[in-house]
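Read off the chains here:
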Amino acid sequence: MLMPLLRNGIPKPISKIRARFSTASSIAGRKSYKLFSLGDFSLCEGATLRDAKLAYKTYGSLNAQGDNAIVYPTWFSGRHWDNEWLIGSDMGLDPSKYFIIVPNMLGNGLSTSPSNSAPPYDKARFPNVRVQDNVRAQHKLVTEEFGIQTLKLVLGWSMGAGQTFQWAVSYPKMVERILPFCGSARTSPHNQVFLEGVKAALASDDAFQSGWYNQLPTKGLRAAARVYAGWGFSQAFYWNETWRELGFSSLEDFLVGYWEGFFLDDRDPNNLLAMLWTWKNGNVGLTPGFDGSLERALASIQAKAIVMPAEKDLYFPPEDEEYETSFMPNAKLRIIPGVWGHFAGTGLNPVDAKFIDDAVKELLNS
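Thresholds, definitions, all that
- Residues numbered from 1 in each chain as written.
- Predicted model: local features only at pLDDT ≥ 70, side-chain atom pairs only at ≥ 80, totals over all residues.
- Heavy atoms only, no water.
- UniProt positions renumbered as here; feature names shortened; annotations may be inferred.
- Helix = DSSP H or I, 4+ residues; strand = E, 2+ residues; numbered from the N terminus.
- Buried < 20%, exposed > 50% of the residue type's maximum accessible area, 1.4 Å probe, protein only.
- Contact = heavy atoms within 4.5 Å.
- Polar contact = N/O pair within 3.5 Å; in protein donor to acceptor, adjacent residues only side chain to side chain.
- Expected span 1.5 Å × (residues − 1).
- pLDDT = per-residue confidence, 0-100.
- Salt bridge = Lys/Arg side-chain N within 4 Å of Asp/Glu carboxyl O.

(A) Structural detail: the UniProt feature "active site" (unreviewed entry) in the protein chain. Under the UniProt annotation, the feature "active site" (unreviewed entry) is placed at Ser158, Asp313 and His342. Their sequence span is 185 residues, while the largest C-alpha to C-alpha distance among them is just 10.5 Å; these annotated residues converge on one region. Looking at the element boundaries, serine 158 is found in the loop between β5 (153–157) and α3 (159–170). Relative accessible area serves as the criterion here: at 5%, serine 158 is assigned to the buried category. You can see histidine 342 is positioned in the loop between β8 (331–333) and α11 (350–364). You can call histidine 342 buried: its relative accessible area is 1%. Sequence-distant contacts of histidine 342, defined by excluding residues within four places in its chain, comprise Trp157, Ser158, Cys182, Gly232, Asp313, Tyr315 and Phe316. Within the structure, histidine 342 has its side chain in polar contact with the side chain of serine 158 (distance 2.9 Å).

Encoded structure:
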């Protein structure tokens, strides 16, 4: 079992499936990304991010026809290197065949975020950003930087799935295929309740100071990790002590070594809260032209789709995606079996990783 150190020195056991990316995910590899200038970027909620930047990394090369591009957005707190487990020469996202663009979400600490913005929109004053804003920024990158007019595929996990749905609604003629996994087109009320728990935990630290902290409020980050721990994996995952497969020796070892280590891996509370707002308010029905109707927005999607909820996902249960898929004219529902819950979509175990990769290959070949 590999035991690489995070930048803060906390050991994080990971599965062998991530070993292939040990070089790309090194500190040097994490810094090898580019910034696309969005200029003065107006947001749906009314504010303008001035001199905004979208961080991204690409894998592979754009072909002469410009028709082999894939967009693979990041997720809540994720950075581009966290998506690399699904990219490789023996996988569906093969850089020798496709030009894969991984844009970092606004608010994730690399793209324009509370932690790197100048006053007055810094820290707790960072404006609310919608999923639609993220996708519009990504569209500017794809079309203006690379001149791409069609996308072979858009896919993503969790909040990346929400962006995937939004791509297909906002740009139906541009997106040929989508594969959202472990995510939804609209954030459900139950999901919003969970997010309120994370929000309260982050803000409960006295050092948080309403978002105007100068030192990282680690107590709140550790508390948020404990809240997240009860949702990220399923009841059966804990009942079966499946965490042992990740190299942990006890439940408490897992809570500290995996979950607290996850939240302490250079994750800023204001950034997390900014992305949390984006997640909580996700709804493709709010796209202009649909008058708030989720169903009408989903029915407008032209892309071929495989929608992949996880069998025991506590955030995005299969029932929710069964409902959403029923309105999509060219969609298949394919449930990821097993006990890993929401985190079936992270590449932590080879069975789920292969299941997702097989679907990617099938969709790209369709």
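(B) How the structure looks around helix α7 (residues 251–263). An ideal rise of 1.5 Å per residue puts 18 Å on 13 residues; α7 measures up with 17 Å between its terminal C-alpha atoms. Every buried residue of α7 is accounted for by Phe254, Leu255, Gly257, Tyr258, Trp259, Glu260, Gly261, Phe262 and Phe263. Taken together, the buried residues of α7 touch α5 (218–232), α6 (235–239) and α8 (269–280).

(C) Highlighting the confidence of the model for the protein chain. In the predicted model, the protein chain carries a mean pLDDT of 93, and the fraction of residues at 70 or more is 92%. The model gives residues 1–24 a pLDDT under 50, and that stretch makes 58 contacts with residues more than four places away or in other chains.

(D) Main features of the pattern of salt bridges. Tallied over the full model, the rule gives 19 salt bridges. A salt bridge links aspartate 82 to arginine 79, with the shortest nitrogen-to-oxygen separation between them at 3.7 Å. Where lysine 280 meets glutamate 196, a salt bridge forms, and the shortest distance between an N and an O atom there is 2.6 Å. Within this pair, whereas lysine 280 is found in helix α8, its partner glutamate 196 is found in helix α4 (residues 189–203), the two being separated by 84 residues in sequence. Accessibility expressed as a relative area gives 32% for glutamate 196, which makes it partly exposed.

(E) Region of interest: unusual backbone geometry. Of the consecutive residues proline 119 and proline 120, the connecting peptide bond is found in the cis state with omega at 10°. Here proline 120 lies in the loop between β4 (99–103) and α2 (131–145). Notably, cysteine 182 is not glycine yet its phi reads approximately 55°, a positive angle. Looking at the secondary structure, you find cysteine 182 in the loop between β6 (177–181) and α4. Non-glycine residue glutamate 241 carries a positive phi angle of around 55°. Assignment of secondary structure puts glutamate 241 in the loop between α6 and α7. According to the relative accessible area criterion, glutamate 241 is partly exposed, its value standing at 35%.

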